[in-house]
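# Notes for the structure review
Each chain, letter by letter, is given below.
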Number of protein chains: 2
Amino acid sequence: MTEAEFIAALRALPLHPGARGLEDDAAVIAGLVVTTDTLVEGVHFLASDPPGDVAWKLVATNLSDLAAKGARVEGVLLNYPLSSDAWDAAFLEGFGDALREFACPLIGGDTVSMPAGAPRVLTVTAFGADASAPLRSGAQAGDALWVTGTIGDAGAGLAIAQGPDGPAELLDRYRRPQPRLGEGRTLGPVVHAMMDVSDGLLIDAERMAAASGLSVTIDLGIVPLSPALIGWRGYDRETRLAAAIAGDDYELLFALPDGETPPVPATRVGAFAPGSGLSLTDRGGPVPLPASLGYEHRV
Amino acid sequence: MTEAEFIAALRALPLHPGARGLEDDAAVIAGLVVTTDTLVEGVHFLASDPPGDVAWKLVATNLSDLAAKGARVEGVLLNYPLSSDAWDAAFLEGFGDALREFACPLIGGDTVSMPAGAPRVLTVTAFGADASAPLRSGAQAGDALWVTGTIGDAGAGLAIAQGPDGPAELLDRYRRPQPRLGEGRTLGPVVHAMMDVSDGLLIDAERMAAASGLSVTIDLGIVPLSPALIGWRGYDRETRLAAAIAGDDYELLFALPDGETPPVPATRVGAFAPGSGLSLTDRGGPVPLPASLGYEHRV
């Protein structure tokens, strides 16, 4: 069963009003935003990734979903599979680092044993208060599409983690992503729609457009790339396209009325229009869509 | 690292006030009780267990923690690893059965892919409202210890699932446990302490006593066994002891002032006194404690 088929089947079950039809990254319960993400060894992280970085990423990916709701961090639950003493201790250190960095208290959780040799499966569930952002379905025709920070660094970092030497700064973007919590709080009340870029700029922009019943055009030539990425990979179209379909950026993608300037540093990368689907240009000229727009196995 | 060591290390991290020092099965956030349980294939369920029963059990074990808080079911999150179409479809059927049976709406969740051959790891997080029960640490010296239903059926059911023929009723207690939600709501306001029996009557009773700073005595001769269990296993001390250390009962264990009668069907199995530790008798005569008091790998 594909993820889409499974979620479609779940929609036929009794749903809580706060589930919002399972159409969004976060649910609402008792006035809190709640989101949950599971990371699987060999799927979402590498067995060779430092355990402290896995812990950081587990917290950061969940808090990124709260950032996209413009919410304040309330706390997290942790579901943890015990393994070796060394892995557990290193995980705890990174987990503590992340909790302190993001002022995120631990609420509870569960620890389990795993069969020998089984890949680790870790879950964090995050709660946020005072959510101020609308749903990702709120973009309007004519809105501009903006993104915080730079795109593609984490994708390059993943490549570096798997082999070639490269800038530590890019590896760090992959291993210790920074949820845009402050930016999310500021943007929440003013945007028409917002989500985090977790699976790739193109696929996530297309999802926002689809949820809003619109088409979206992105110009590769204005997608913000970091000096580190450009220095390592160059600045040809292949690099720009690779950055736009790489995952794990955890930047905020948002729709703002044309002509408005966002209250945080961000780059205007595209625009919404009536219709459906994603179109790509590069410095104004049309570009065919790549076979894959991003990482499709995760919600 | 053992589970106890891991949890001790977690206690050194920033904790949410609702975490209650990670001393209880459930946390409190925004007025809701929240609890989360992960089930691992090969640890908490058998690879041969029907997927629909695994789904049922995943929901039921979490709702049992809500029952122990005297809470009303608000809903659940599901973290699910996609596998084969047949397994996924059968899981969904049992999951839907459980949601409908317990009037428990789905709030959200996450689906993930797993590496080929990896054991399934499933998490449900449950939310409850209007919790009325005190903490498990509230038992007082002189209180009687009571338990709902019958003990040891699920343990016998697990044995039957692994080999020997036996009564379908016992297998059903293992595969489709019934959280005591109604009983929990009734008991919540009147008990001094309450928890569910998930790891075994003896170990869970000892945990309640330890949390309350008391000792507890249980008489095996009055532990309630079902006619099905007695018919299948007989009624010797070995059977009574096996039942008292078997897990997965999901009955409610509670402390009530001596002389009070509980407002739901239940059996008085022991009493709290000053001191610490568990003592065992059988029809009044002392019985040495078994090497294991129950299942120790789960919180």
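Here, the structure is the one placed above.
Residues numbered from 1 in each chain as written. Chains lettered and ligands numbered in written order. Predicted model: local features only at pLDDT ≥ 70, side-chain atom pairs only at ≥ 80, totals over all residues. Heavy atoms only, no water.

## Notes on the overall build of chain A
A tally of helices and strands in chain A yields 9 helices and 12 strands. Relative to a compact globule of 299 residues, whose C-alpha radius of gyration would be 19 Å, chain A shows 19 Å and is just as compact. Over its C-alpha atoms, taken along the principal directions, chain A stretches across nearly 55 × 50 × 40 Å. Residues classed as buried in chain A amount to 60% of the 299 residues present. By sequence separation, contacts in chain A at least 24 residues apart represent 82% of the contacts at least 6 residues apart. Just so you have it, chain A exposes about 10,300 Å², and 54% of that area is on carbon and sulfur atoms. The positive charge centre, built from 20 side chains, and the negative charge centre, built from 38, are 2 Å apart in chain A. (Helix = DSSP H or I, 4+ residues; strand = E, 2+ residues; numbered from the N terminus. Rg over C-alpha atoms; globule rule 2.2 N^0.38 Å. Buried < 20%, exposed > 50% of the residue type's maximum accessible area, 1.4 Å probe, protein only. Contact = heavy atoms within 4.5 Å. Areas by Shrake-Rupley, 256 points an atom, 1.4 Å probe, with all protein chains shown as cover. Lys, Arg positive; Asp, Glu negative; His and termini not counted. Charge placed at Lys NZ, Arg CZ, Asp CG, Glu CD.)

## Quick notes on the relation of the copies chain A and chain B
Relative to chain B, chain A is turned by 180° and slid 0.0 Å along the rotation axis, the superposed coordinates differing by an RMSD of 0.0 Å. The transformation relating the two chain copies, once decomposed into turn and shift, fits a two-fold axis. When each C-alpha of chain A is compared by its distance to the rotation axis, Ala 118 of chain A comes out closest, at 3.0 Å. When the interface residues of chain A are mapped onto chain B, 100% of them again lie at the interface, so the same face is used by both copies. (Least-squares fit on C-alpha atoms with pLDDT ≥ 70 in both.)

## Concerning the sheet that holds strand β5 (residues 121-129) of chain B
Adjacent strands of a sheet form backbone hydrogen bonds with each other and so pair up, either parallel or antiparallel. Residues and elements named next belong to chain B. On the basis of which strands lie adjacent, the open sheet formed by 5 strands has the order β1-β2-β5-β3-β4 and mixed pairing. With one partner strand each, in any of the chains shown, β1 (27-29) and β4 (106-112) form the two edges of the open sheet. Taken pair by pair, the neighbouring strands of this sheet meet at an average axis angle of 25°, ignoring direction. Across 6 bridges, strand β3 (residues 72-81) lies against β4 in parallel orientation. When the bridges of β4 are listed, Leu 77 appears paired with Gly 108. (Pairing = 2+ DSSP bridges. Axes fitted to C-alpha atoms, helices over the stretch in contact; angles between N-to-C directions.)

## Focus on the packing of aromatic side chains
Summed over all chains, the structure comprises 11 aromatic pairs over all chains. For the pair Trp 87 of chain A and Phe 91 of chain A, a centre-to-centre distance of 6.0 Å together with 15° between the ring planes defines the contact as stacked. Residue Trp 87 of chain A and its partner Phe 91 of chain A are located together in helix α3 (residues 85-101), separated by 4 residues, close to a single helical turn. Note on accessibility: Trp 87 of chain A and Phe 91 of chain A belong to one class, buried. Clustering of aromatic rings is evident, with ring pairs tying together Phe 6 of chain A together with Tyr 80, Trp 87, Phe 91 and Phe 95 of chain B. Positioned above the aromatic ring of Tyr 235 of chain A, the side-chain terminus of Arg 240 of chain A is 4.6 Å from the ring centre. (Phe/Tyr/Trp six-rings, centres within 6.5 Å; stacked < 30°, edge-to-face > 60°. Lys NZ or Arg CZ within 6 Å of the ring centre and 35° of its normal.)

## Digging into the packing of helix α1 (residues 3-11) of chain A against helix α3 (residues 85-101) of chain B
Running from N to C, α1 of chain A and α3 of chain B cross one another at 20°; their axes reach a closest spacing of 11 Å. Considering their axes alone, α1 of chain A and α3 of chain B lie roughly parallel with respect to each other. As α1 of chain A runs across α3 of chain B, the sense of the crossing is right-handed. Residues Phe 6, Ala 9 and Leu 10 of chain A of α1 of chain A pack against Asp 88, Phe 91, Leu 92 and Phe 95 of chain B of α3 of chain B. Of the residues belonging to the contact of α1 of chain A with α3 of chain B, the class tally is 6 nonpolar, no polar and 1 charged. (Parallel < 35°, antiparallel > 145°, perpendicular 65-115°, else oblique. Left-handed = near helix turned anticlockwise from the far one by under 90°. Nonpolar A, V, L, I, M, F, W, Y, C, P; charged D, E, K, R; others polar.)

## Concerning the side chain of Asn 62 of chain A
Residues and elements named next belong to chain A. Summarising the element assignment, Asn 62 is placed in helix α2 (residues 51-67). Within the structure, Asn 62 has its side chain in polar contact with the backbone oxygen of Leu 58 (distance 3.0 Å). Of the polar contacts made by the side chain of Asn 62, one reaches the backbone oxygen of Val 124; its length is 3.2 Å. (Polar contact = N/O pair within 3.5 Å; in protein donor to acceptor, adjacent residues only side chain to side chain.)

## Section: the environment of Arg 237 of chain B
All names here are of chain B. Topologically, Arg 237 is positioned in helix α9 (residues 237-245). A residue is classified by how much of its surface remains accessible, and Arg 237, at 38% relative accessible area, is partly exposed. The residues contacting Arg 237, other than those within four sequence positions of it, are Leu 220, Asp 282 and Val 287.

## Regarding helix α7 (residues 201-212) of chain A
Residue and element names in this part refer to chain A. Its 12 residues place the ends of α7 16 Å apart at the C-alpha level, agreeing with the 16 Å of an ideal helix rising 1.5 Å per residue. Those residues of α7 that sit buried are Leu 201, Leu 202, Ile 203, Asp 204, Ala 205, Met 208, Ala 209 and Ser 212. Phi turns positive one or two residues past the end of α7, at Gly 213, with a value near 70°. (Expected span 1.5 Å × (residues − 1).)

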